[in-house]
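Chain residues, written in single-letter form:
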Amino acid sequence: MYIIAKDGSGDFTSIQQAIDAIPGGGRTPTILLLRMDEYQERVVVDKDNVRIIGEARDRTVITAKGCAKDLDENGNERGTFLSATFMVTGNNVEVENLTIRNDAGDGRVVGQAVAVYAAGDRGVWRNVRMIAHQDTLFCGPLMQKVIDFIAPRTGRAEVVESVGDCTPTQSRQYFEDCFIQGDVDFIFGPYRCWFERCTLFMNARGGLYTAANTPEIQPYGLVFHRCKLTGECEEGQAYLGRPWRKFSRTVFLNCEMDEHVAPLGFNDWDDVKRVTERYAEYGTTGARADQSTRHPKQKRMTREEAMRFTIPDVIGGYDNWRPDRRTPTWFLCGDSTMANYPASAYPMMGWGQSLQSLVPGDVFVENCAVNGRSSKSFIAEKRLNFIELCMRPGDKLIVSFSHNDEKPDPLRSTNSRITFPEYLGMYIDAARRQGAEPILVTPIARRHFDAEGRLLLTHGDYPDAMRDTAIYRGVKLIELEKGTMTLFQEAGVEGTKEIFCHVPAGSKNYPDGLRDDSHLQEGGAVRVAALFLRLLRGEALEAADFTAEKADLTDLISREDHVVC
């Protein structure tokens, strides 16, 4: 997760800087959290698997003033497609909870001025405000002049010679609970798009909500389902749309239309580009529910015909894409035993780092664990606040602390029976506020054996405090301490050297060698992650013998100082 904040309190001050820093590869989306502010910049999202989230929809704003009448270096007008404030050329990009504006002004003065140019495939837009005048939202491929303008940020978007007469497209966009405002042709393009529960708002100028240019043999174009069409223009001055090309297709299903919508509904572009049966509506409600006044050529759909328009049919495609079904994310909160490590620390790895490769394909893992943090310091640094902004119903918040709560550092230490449970309660409350499931995980055991080769308990009363909190608050508990005690006891004194980060001298990253009895190496991280999943599934594991005395932590903690846990 990257935090973008203009005041310098995050990882980046610019959205584009953060996008440029995203490494390639990986199935889990990289999350960019935008703090509340107005970001005056033109943005191109050219990376795949990115999730961009605003802190507050109406107060997290991306804005620019590009327009069709801007001049290039030769004094020629740039045109519509070089005016966008926000362009997506990568695949699997999700944008949510923010506002994107083009502030160039009235199209009668500045020409077309695009707010959003959605060029990639499998784009998802949730609770996004898109505001402009003429040509607010374009859903379509790139052209050579656009590629030249944004190079090298062209991503993997489709490319065509002419967007006006393009071949059938494979790319799709999904819009949910969005607010889209403009006036002339302000939702346009050839892509297959599904709009769910969106509000289409016509400016005072009046005009047309849509201008599709669906290719001839492409079965679907723009589909609006359970949307609301309204505006501030005079009554009857907002048309449903017009065909940008001869075979354009636009359908409104179960939408509410108020008095701003023209009784005619759709309108012809000219004598060649005319409304056909590829323009249709069904189940309209509101002031303009009466379809007897509609364009004579538009289709009056039957219930059976309307039922054939579903998300799988319209945008499901070859990969059975279902953007209306969110992929749940597991957010991991913990310390260095769980955290991700860079290649420069290999073979040291946290068990959370290995989790993504082991979870089912319909789950994402966002490992937010950080070296050196306790349940207290993690919250003090606002990390839980940032995670809460990103959590949604169906997600999980997986919490595992103790190693640093045990230490005498006043910025990190907690009392196992008083403040530690209080902090755990904050994680539980944050998850439940967002409809996510909180899960407490007892800490992994350390590699600390007595003279007889018995593994010792090293976390004092913290695991018991976590167990009691789980019972009291009614949350799921994963007994990773007991599970790893069993695993490490079975491996023995010598075998656990292959689980923990014991590295011989001469290693690339540890030329002097390393003996670490708290942190895992790659093989151990995989085994602990697999153990966590087994316990999460409810598989019973035989518990180790816990009758041994607890270890003295004083000397143990002092020996950990070479690695920030």
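Look up: the structure comes first, before these words.
Small disclaimer: the values here were computed from a predicted structure and weren't measured.

1. Re the environment of Asp46
Then comes step 1: Inspection of the secondary structure assignment puts Asp46 in the loop between strand 4 (43-45) and strand 5 (50-54).
Then comes step 2: Its relative accessible area of 16% is what places Asp46 among the buried residues.
Then comes step 3: For Asp46 and Asn213, which are 167 residues apart along the polypeptide, the C-alpha to C-alpha distance reads 24 Å.
Then comes step 4: Beyond its immediate chain neighbours, meaning those up to four positions away, Asp46 contacts Ile19, Thr89, Gly90, Arg153, Thr154 and Gly155.

2. Considerations on the pattern of salt bridges
Then comes step 1: Summed over all chains, the structure comprises 50 salt bridges.
Then comes step 2: Arg197 is paired through a salt bridge with Glu196; the nearest N and O atoms lie 3.8 Å apart.
Then comes step 3: On the basis of relative accessibility, which here comes to 35%, the residue Arg197 falls in the partly exposed class.
Then comes step 4: Across the salt bridge formed by Asp468 and Arg417, the nearest N and O atoms sit 2.7 Å from each other. Of the two residues, Asp468 is situated in helix 9 (residues 462-473) and Arg417 in the loop between strand 29 (396-400) and helix 8 (419-433); the sequence distance between them amounts to 51 residues.
Then comes step 5: In this structure Asp468 comes out as partly exposed when scored by relative accessible area, which is 40%.
Then comes step 6: Judged by relative accessible area, Arg417 falls into the partly exposed class, the value being 43%.
Then comes step 7: Connected via shared salt-bridge partners are Glu94, Arg126, Glu176, Asp177, Glu196, Arg197 and Arg226.

3. Describing the nonpolar core
Then comes step 1: Counting residues in each nonpolar core, the largest one holds 56 residues, and the members touching the most others are Phe86, Trp125, Phe175, Phe195, Leu200 and Leu229.
Then comes step 2: Broken down by element, this core gets its largest block of residues, 4 residues, from strand 8 (residues 93-102).
Then comes step 3: Once you skip the residues sitting within four places of it in the chain, Phe195 turns out to touch Leu137, Phe175, Ile180, Ile187, Leu222, Val223, Phe224, His225 and Cys227.
Then comes step 4: Among the nonpolar cores identified, the runner-up in size contains 35 residues, and Val441, Ala445, Ile499 and Leu533 belong to it.

4. Examining the pairing of strand 29
Then comes step 1: Strand 29 sits mainly inside the fold: 5 of its 5 residues count as buried.
Then comes step 2: Neither face of strand 29 is exposed, since Lys396, Ile398 and Ser400 on one face and Leu397 and Val399 on the opposite face are all buried.
Then comes step 3: Where strand 26 (residues 329-334) meets strand 29, 5 bridges bridge the pair, whose relative direction is parallel. When the bridges of strand 29 are listed, Cys333 appears paired with Val399.
Then comes step 4: Bridge analysis of strand 29 against strand 30 (residues 437-441) gives 4 bridges, and the strand direction is parallel. In the sheet register, Ile398 faces strand 30, and the bridge partner there is Ile439.
Then comes step 5: Read as a crossover between parallel neighbours, the route from strand 29 over helix 8 to strand 30 is right-handed.

About the thresholds
Residues numbered from 1 in each chain as written. Predicted model: local features only at pLDDT ≥ 70, side-chain atom pairs only at ≥ 80, totals over all residues. Heavy atoms only, no water. Helix = DSSP H or I, 4+ residues; strand = E, 2+ residues; numbered from the N terminus. Buried < 20%, exposed > 50% of the residue type's maximum accessible area, 1.4 Å probe, protein only. Contact = heavy atoms within 4.5 Å. Salt bridge = Lys/Arg side-chain N within 4 Å of Asp/Glu carboxyl O. Core = buried A, V, L, I, M, F, W, Y, C linked by side-chain atoms within 4.5 Å. Pairing = 2+ DSSP bridges. Right-handed = clockwise from strand over helix to strand, strands pointing away.

Read these as spatial facts, not as claims about activity.
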